[in-house]
Amino acid sequence: MYDITFPADCKSLPDGFWSAVDVWIRRPHVVNKRLCGVTETESRDVDEVALGSLLNGLSDHTLTFLNSGASHTHAHNNNLQWSYSTRTYIPKVNCYGSKQHKEVILKCKDSPQVTFLPFEEDADGQVFFKESNFYQFRLSCQDIDKWSLELHVLSPSRWFSDGVAYPKLPWLESELLPKLVRWATECKTSEFKSTLSLLPVEKYSLMYQHLKDKYKAMVKVLWAEERNEKGLTDPQSFVDLGCGNGLLVHILTNEGHPGKGIDVRRRKIWDMYGPQTLLEEKAIIPSESFLFQHTDWLIGNHSDELTPWIPVIAARSSYSCRYFVLPCCFFDFYGKYQRRQCKKSQYKEYIDFISEVSQVSGFNTEEDCLRIPSTKRVCLVGKSRNYSQSSASEAEQQRTLFIQSRPKAPGITAHGSEAGADDSTGTPGTQWGAGFQPRDKVESVRNCASLPRDLVEGVVLQVAQALLGMRGEDSDWNRGGSLSVSEVAALLQQETLTRLKKECGGLQTLLKNNHQVFRVEGGVVHIRDWRDSKPTPRDVKRRPVAPGALKTRLCWFHTHHAQGCPLEVGQCPFAHGPDDLRASTRPLKKPRSEDCQPWIYH
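On a predicted model such as this, the values are computed, not experimentally measured, just so you know.

What counts, and where the lines are drawn
- Residues numbered from 1 in each chain as written.
- Predicted model: local features only at pLDDT ≥ 70, side-chain atom pairs only at ≥ 80, totals over all residues.
- Heavy atoms only, no water.
- Helix = DSSP H or I, 4+ residues; strand = E, 2+ residues; numbered from the N terminus.
- Polar contact = N/O pair within 3.5 Å; in protein donor to acceptor, adjacent residues only side chain to side chain.
- Contact = heavy atoms within 4.5 Å.
- Buried < 20%, exposed > 50% of the residue type's maximum accessible area, 1.4 Å probe, protein only.
- Pairing = 2+ DSSP bridges.

(A) Focus on the side chain of aspartate 296. In this fold, aspartate 296 is placed in the loop between strand E12 (279–281) and strand E13 (297–301). Of the polar contacts made by the side chain of aspartate 296, one reaches the backbone nitrogen of serine 237; its length is 2.8 Å. Those residues within four positions of aspartate 296 in sequence are excluded, and the remaining contacts are Pro235, Gln236, Ser237, Ser320, Cys321 and Arg322.

In structure tokens:
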């Protein structure tokens, strides 16, 4: 037996136990990364007589193991109530052939315990229980408010592991058991639906593996599923609005889907795809010029300022046009989205806003959570309309009024047109997107890397001198004191602060960029002492200095610190004076205005 005691102030039990167990039952892939997911049969209630029939053939020793926890808790209750379900593992890589790995899941309703009984089923439907891998979680209460979570294993010495459906026994103890305790303690309810709730996990897994082998990405399961639902034979067509690097367009095109991508900026990688991948460099302005009457799907994958317009464009393109959006940055129709509620996270509020746009635009809106490495992975899908085609004019009027009710950019009338323009009809003519501001064709670099050198050096010197003037108790070398970022800001002139506020991250980014001089942790600025052997979390993520970059920049401390550099000349990666300076032999990264920011030297 293995057990972990809950914190004394834990108030979520016993309900939190069942909440945690349900995560492991329905979403084991959140901890077992070799699984894609599971399919689960509907749970049904059974008494002990029916349970005995279901588990016919198991040894007496095994049956005693199943009942031991419940019998101990309810010694005088001979009619315990159980719930019975099964789940089938879906591995990320099919390593089992036609053989399926399944588990019977038994929950004892009268006692907080759940037992997992793995079995294998061959192609002929023959079932083999794997008794060596039976295990059980029990919530035990030794005293008032003294809870512990126990892991019991039927046969530890016979435990079998394949690293996928059957993890190693120490993993259950060291990884899964602590996770269950944390989940039970937090007992959180997500604001969003569970991952991939709109898709069958088996089909997703097979398609994901196929596309991962071919493209290293998953893209088109939803469309294949919809084609099956509607009995369609032709591949779905698409337009990717704000297609970025064009990879999604390239993948869909190679999978036989006719379509194209449009973006305001051309990417260098576009040239690699070949002529069959249609990519257009064009600013997208919501208007009649950007309606897609013969397109099945409009896609907005992190489409930023276009995101709220995509359901509208889809609705106005044709009655059969559908859309998919994966919102990221928060935009309204004519500018940044302004928060209205503080009880929700900003992200949840924005998802609800786009869902409202979709509903007002006439769509039955579905929400799902993608399995991608991002914190912003909630997508919205509009596949069907909430009005009949004969009611299209009334739906369009509702659409127009909603857009007119949203905050306007300066100089835009209540009808969404430019001041002085004739748009009295309120119909979607050439002016219905007037006031919309697409992103610039050339993306401005706003990470403080393009600021004038004299401005940056002046701020660095002013802040460093203020810190060094707060000399602490160090007697060998002055490390100075520390200041919060807000206290540092108070040292600077308003003109300088205004300039820095236009950069992403502002003053804090500038200080972090000057890694040679400063150490910024938790919003507090320190002078960096290069003798410190313990790296900060930011230092751990930072790439080591390339050999070709050593001694290619002057040491700030050697030049400006009253006591010079704390390191000897041979230990310091920076040059101690002009005689120590040498030319860089490392090839420079060329600044790019596309998928990443220019290289920043620290």
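(B) How the structure looks around the pairing of strand E9 (residues 146–153). Burial within E9 is extensive, with seven of its eight residues counted as buried. Pairing of strand E1 (residues 2–5) with E9, which is carried by four bridges, proceeds in the antiparallel orientation. When the sheet's bridge partners are listed, tyrosine 2 is paired in E9 with leucine 151. One ladder, built from eight bridges, connects strand E8 (residues 135–143) with E9; its direction is antiparallel. Bridge pairing links tyrosine 135 to valine 153 in E9. Between the end of E8 and the start of E9, which pair antiparallel, lie two residues, with aspartate 145 showing a positive phi angle near 60 degrees.

(C) Expanded view of the pairing of strand E16 (residues 378–385). The buried fraction of E16 amounts to seven of the eight residues, a majority that puts the element mostly inside the structure. Pairing between strand E14 (residues 322–326) and E16: three bridges, direction antiparallel. Paired with tyrosine 323 across the strands is glycine 382, a residue of E16. Two elements, strand E15 (residues 363–369) and E16, share seven bridges in a ladder whose sense is antiparallel. Across the sheet, the residue bridging to glutamate 366 is valine 381, located in E16.

(D) Here's a closer look at the environment of arginine 377. You can see arginine 377 is positioned in the loop between E15 and E16. The class of arginine 377 is partly exposed, set by a relative accessible area of 26%. C-alpha of arginine 377 to C-alpha of leucine 326: the two residues are 51 residues apart in sequence and 6.8 Å apart in space.

(E) View of the environment of aspartate 476. Along the chain, the position of aspartate 476 falls in the loop between helix H11 (453–468) and strand E17 (482–484). Between the alpha carbons of aspartate 476 and glutamine 563 there is a distance of 9.1 Å; along the sequence they are 87 residues apart. Looking at aspartate 476, its side chain comes within polar contact range of the side chain of arginine 531, at 2.9 Å.

This is a description of form; function is not addressed.
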